[in-house]
Protein chains: 2
Amino acid sequence: MTFSPLVEQLLESLRVLPGVGPRTAQRMALHLLERDREGGLRLSQVMAEALDRVGYCRRCRNLTEQSLCSICEETRRSDRTICVVESPADLMAIEEAGGYQGRYFVLHGHLSPLDGIGPEDLGLDALEKLVREEAPDEVILATNPTVEGEASAHYIAEQLRPLEIRLSRLAYGVPMGGDLEYVDSGTLSRAFLGRQAFSD
Amino acid sequence: MTFSPLVEQLLESLRVLPGVGPRTAQRMALHLLERDREGGLRLSQVMAEALDRVGYCRRCRNLTEQSLCSICEETRRSDRTICVVESPADLMAIEEAGGYQGRYFVLHGHLSPLDGIGPEDLGLDALEKLVREEAPDEVILATNPTVEGEASAHYIAEQLRPLEIRLSRLAYGVPMGGDLEYVDSGTLSRAFLGRQAFSD
Ligand SMILES: [Zn+2]
Ligand SMILES: [Zn+2]
């Protein structure tokens, strides 16, 4: 026994969403069909429109349906630093943390030769052009602290080195509020290497 | 800081899905925008089509985009029993359990005066007409073992009583594979009341 063909198609299509398995897909499909057709119709319309119209900011590659994203439009932000991140989610996490007032550049991924993701997919020529034109004081390479993120940061550093701009990387160390017992050994040894003078 | 207006609309719309909070909505939206626009476009199309075309089977009120659902179309099933369930998910659970070979009737809810859900919303006139016309040997009232499910079963039983057809209810008892320690006391006392002669 299965549901009707169209309901089965809906169940299958819902599985493109991350974290949605067969049981969750069934719960979602029946919820929409039984209890919220209006909300579902609106979702399908907004989804189609967003997927059609949302593209990259022409300056920083942040997601936007405009030519320039809202961060690039903000005149009160400093042009003196550009923070390079792997994803819009990383950008949002930095914004939510607060404190950073500069600009961004979004790679939408990291170098991954095995998956065929090279410098052109990450917009690295556009990044070099941006840095050349705007000549910021500093470029912060805030790619993820993973093997691929490290490799991407090193590649970008090599590419930007001739421009003689200060390059930096986020500090490694133990996460705030954590228990040393549960910090992995790689992070712990990095935190020792990067230890700082105690001051109060 | 927020995402662009269209991305924010997508985040908000995704929250109509059950179990989807702000973090999950963000993960879903960015996954579709960054990694699977094609899957997302297909999902939006199938969702719109399903919400537009899937309705109720004219005989049993199961979800279908046809006039009759696949269960009602199946000629090999017995017309001698009709099993009344609250939802298509319950119907599917009974089908997956196997063993039942009869027909169904789907209420799409239970009586709930406080929410304004009355007999007409559950198609009880259609159920009475169906039972009158097809004169099955038995109607199984498989509404949920909850206060509302019980009340609905009793209401339906009253309505069908003049037709003098055998009415039954699923057995109450301890769930298979469970540990008595964790069975709630209501279920346990029902299981005592319904105890059966031991045979092997
Ligand atoms: Zn931008
Ligand atoms: Zn049917």
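Residues numbered from 1 in each chain as written. Chains lettered and ligands numbered in written order. Predicted model: local features only at pLDDT ≥ 70, side-chain atom pairs only at ≥ 80, totals over all residues. Heavy atoms only, no water.

Named according to an unreviewed UniProt entry, chain A is Recombination protein RecR originating from Kushneria sinocarnis. Turning to chain A, the UniProt annotation filed under Sequence similarities (unreviewed entry) states: "Belongs to the RecR family." According to its UniProt record, chain A has this under Function (unreviewed entry): "May play a role in DNA repair. It seems to be involved in an RecBC-independent recombinational process of DNA repair. It may act with RecF and RecO." (UniProt positions renumbered as here; feature names shortened; annotations may be inferred.)

J.: I'd like a rundown of the sheet that holds strand β6 (residues 166-169) of chain A, residues and numbers included.
T.: All names here are of chain A. Strand order across the open sheet formed by four strands is β4-β3-β5-β6, with parallel pairing between neighbours. The strands lining the two open edges of the sheet, one partner per strand, are β4 (103-106) and β6. Adjacent strand axes in the sheet meet at a mean angle of 25°, parallel and antiparallel pairs treated alike. One ladder, built from four bridges, connects strand β3 (residues 81-85) with β4; its direction is parallel. (Pairing = 2+ DSSP bridges. Helix = DSSP H or I, 4+ residues; strand = E, 2+ residues; numbered from the N terminus. Axes fitted to C-alpha atoms, helices over the stretch in contact; angles between N-to-C directions.)

J.: Pulling in residues and values, what's your account of the relation of the copies chain B and chain A?
T.: Between chain B and chain A, the superposition needs a rotation of 180° and an axial shift of 0.0 Å, giving an RMSD of 0.0 Å. This pairing of chains is accounted for by a two-fold axis. Every residue of chain B has its C-alpha some distance from the rotation axis, and the shortest such distance is that of S44 of chain B, at 2.2 Å. Mapped onto chain A, 98% of the interface residues of chain B again fall at the interface, so both copies present the same surface. (Least-squares fit on C-alpha atoms with pLDDT ≥ 70 in both. Contact = heavy atoms within 4.5 Å.)

J.: So what's going on with empty space enclosed by the protein? Residues and values would help.
T.: Applying the stated rule across the entire model yields two cavities of 30 Å³ or more. Approximately 70 Å³ is the volume attributed to the largest cavity. Residue lining of the largest cavity: 12 residues in total, with N62 and L63 of chain A together with T2, F3 and S4 of chain B positioned closest to the centre. If you list the elements that add at least two residues to the lining of the largest cavity, you get β2 (63-64) and α5 (88-97) of chain A. At three residues, the largest contribution of residues to the lining of the largest cavity is made by α5 of chain A. (1 Å grid on protein atoms, 1.4 Å probe; cavity = no way out; pocket = protein on both sides within 12 Å on 5 of 7 lines; lining within 4 Å. Points joined across faces, edges and corners; volume = space filled by probe spheres on them.)

J.: Hey, could you go over the coordination of the zinc ion (ligand 2) for me, with residue numbers and the actual values?
T.: All names here are of chain B. In this structure, C57 (SG), C60 (SG), C69 (SG) and C72 (SG) serve as the protein donors to the zinc ion (ligand 2), at separations of 2.3 to 2.4 Å. Each of the four donor atoms bound to the zinc ion (ligand 2) contributes to angles spanning 103 to 119°, and the resulting shape is tetrahedral. When the donors of the zinc ion (ligand 2) are listed by position in the chain, the intervening gaps give C-x2-C-x8-C-x2-C. Remark: C69 occurs in the loop between β2 (63-64) and α4 (70-73) and C57 occurs in the loop between β1 (55-56) and β2; sequence separation between them is 12 residues. Neither C57 nor C69 differs from the other in exposure class; each is buried. (Donors = N, O, S within 2.8 Å, 3.2 Å for Na, K, Ca; no water. Tetrahedral: all angles 85-135°; square planar, octahedral: opposite > 155°, others 65-115°. Buried < 20%, exposed > 50% of the residue type's maximum accessible area, 1.4 Å probe, protein only.)

J.: An account of the packing of helix α1 (residues 5-14) of chain A against helix α3 (residues 37-53) of chain B is requested, with residue identities and associated values reported.
T.: At a minimum axis separation of 9 Å, α1 of chain A and α3 of chain B run at an interaxial angle of 150°. Here α1 of chain A is positioned roughly antiparallel relative to α3 of chain B, judged by the angle of their axes. As for the relative orientation of α1 of chain A and α3 of chain B, their crossing is left-handed in sense. Together, L6, Q9, L10, E12, S13 and L14 of chain A of α1 of chain A and R42, L43, V46, M47, E49, A50 and R53 of chain B of α3 of chain B make up the contact between the two elements. Among the residues making up the contact of α1 of chain A with α3 of chain B, the classes are represented as seven nonpolar, two polar and four charged. (Parallel < 35°, antiparallel > 145°, perpendicular 65-115°, else oblique. Left-handed = near helix turned anticlockwise from the far one by under 90°. Nonpolar A, V, L, I, M, F, W, Y, C, P; charged D, E, K, R; others polar.)

J.: Pulling in residues and values, what's your account of the pattern of salt bridges?
T.: Summed over the entire model, instances satisfying the criterion amount to 24 salt bridges over all chains. Across the pair E158 of chain A and R161 of chain A runs a salt bridge, and its minimum N-O distance is 3.3 Å. Using a relative accessible area of 48% as the deciding quantity, one classes R161 of chain A as partly exposed. E95 of chain B is the partner of R77 of chain B in a salt bridge, and the nearest nitrogen-oxygen pair spans 2.7 Å. Remark: E95 of chain B occurs in helix α5 (residues 88-97) and R77 of chain B occurs in the loop between α4 and β3 (81-85); sequence separation between them is 18 residues. Judged by its relative accessible area of 7%, R77 of chain B falls in the buried class. (Salt bridge = Lys/Arg side-chain N within 4 Å of Asp/Glu carboxyl O.)

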